[in-house]
Amino acid sequence: MLQATPEQLNVMPYHEDSDVVNLINLCTVMSQVFNKIFLYDFCLTDITSPGQKRFKKQAKFLANFILYTMHKKSKFNDKLEFIQTMSKQLEEMKEKKAQTSELINKKIMHKAKQVDMIQKLEDDLKGLQSRMEKINKKTVEIEAVKNNVEKKNKKAKELYGSSKTIAVNLTKKITEIQSQVVHSPEKHQSRLDELKKQYKLKEEERAYKQEHIQEKKQYIKQIEEKLNFVQKITEDFSILSDTYTEHSNKRTELNDVKKEIDSLNTIMNKQQTKLAKHKDQVNVEKHKLQINYEEDIIPLQKLHSLLLSDKKKQKIELDKAQECYNEKYMKRNKLQTDIKKVEQETEIFMSNCQKAYDSELVCEAKLRQSWV
């Protein structure tokens, strides 16, 4: 049974009335429940002394209502579980989409870095090509200088050979002249002067040839330096060929990356189409569930509004009964106070009467004693 509220306990003068209040509270609650299930004739006697037919009828209504609520609750729970599973699937799809977008962004960043590297390599290649052109020009100039030096060297060798032949011829002539030496002093002096002149000429030619040979040696040194420079340039050419091969490899890698990005874009488009289809299905199912929910909830809302109106009416009636009860309780309290006052007055009156009676008895006793 429902216990009395604190307000009811405060109003009650005796705690023995709490059982009656509990019965009344239980009756009001049960009547409200039965009114909700369209059974309007529930009263207090159905709790205190229920009849068999009425009890069966009420139990039947309650059982049908409980079965109906359990059946609807199971359907509603199934729909809720379906919605929760669909929401979980949507969240998983969103997570997968986020992961794919992250992968695509990473690929795009990697592609951008590779494009920057390729641009840098292309710039380096352009610089190397310009350097190669300059080196080619220098090599052409060096080859021209080399050819000129070789020509001059050939001429010097030819001059050296001719001078050598001339020296041999001169030695031969000297030997012939020595054989033809004249013993006369005048002729000998004249011959000596001629020989001195020839010797001076030979010395001058020899000095000129030595200077020419030293110039040729310097030319040869310059040619060797230029040849070393050409060798360095050839080494640079080998480095350039290596960089060109690396550049070609990078281009192939870039093409592969482009293909991978295209494949990822196609996969992403497929995933987006699948997501769109899935969202459409989910929206359709949500709409169906909303319709079913509205179909199930609208009668319940109507019933709820009816219950609220009944509750308000019952509350008004209960407030009126409470006011009536409070008025009666106040009257009862007044009566009790009046009764207490009357009892006190009667007690005082009785005590006064008893005292007067006792005094009269004492007087009578004294009179009797005096008469005796």
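Residues numbered from 1 in each chain as written. Predicted model: local features only at pLDDT ≥ 70, side-chain atom pairs only at ≥ 80, totals over all residues. Heavy atoms only, no water.

**Details of the overall build of the protein**
Point 1. Along its length, the protein carries five helices and zero strands.
Point 2. Listing each helix as α and each strand as β along the protein from the N terminus yields α-α-α-α-α.
Point 3. Looking at the protein as a whole, 13% of its 372 residues are labelled buried.
Point 4. Split by element, the accessible area of the protein, about 30,500 Å² in all, is 58% carbon and sulfur. (Helix = DSSP H or I, 4+ residues; strand = E, 2+ residues; numbered from the N terminus. Buried < 20%, exposed > 50% of the residue type's maximum accessible area, 1.4 Å probe, protein only. Areas by Shrake-Rupley, 256 points an atom, 1.4 Å probe, with all protein chains shown as cover.)

**Some remarks on a positive patch on the surface**
Point 1. A grouping of Lys151, Lys152, Lys154, Lys155 and Lys157 is seen on the molecular surface, where their side chains present a positively charged patch.
Point 2. As for its position among the elements, lysine 151 is in helix H4 (residues 52-179).
Point 3. Assessed through its relative accessible area of 53%, lysine 151 is described here as exposed. (Patch = residues over 30% accessible without salt bridge, like charges linked within 9 Å, V, L, I, M, F, W, Y side chains within 5 Å. Salt bridge = Lys/Arg side-chain N within 4 Å of Asp/Glu carboxyl O. Lys, Arg positive; Asp, Glu negative; His and termini not counted. Charge placed at Lys NZ, Arg CZ, Asp CG, Glu CD.)

**Remarks on the packing of aromatic side chains**
Point 1. Taken as a whole, this structure holds one aromatic pair when the rule is applied.
Point 2. Geometrically, the ring pair formed by tyrosine 325 and tyrosine 329 is stacked, given 6.4 Å between the ring centres and 15° between the ring planes. In this pair, tyrosine 325 and tyrosine 329 are both assigned in helix H5 (residues 185-371), four residues apart and thus about one turn of the helix distant. (Phe/Tyr/Trp six-rings, centres within 6.5 Å; stacked < 30°, edge-to-face > 60°.)

**Section: the confidence of the model for the protein**
In low-pLDDT segments, the atomic positions of the prediction should not be examined closely.
Point 1. Of all residues in the protein, 87% attain a pLDDT of 70 or more, and the chain-wide mean is 75.
Point 2. At the level of individual helices and strands, the protein shows its lowest average pLDDT in helix H1 (residues 6-11), which scores 58, and its highest in H5, which scores 77. (pLDDT = per-residue confidence, 0-100.)

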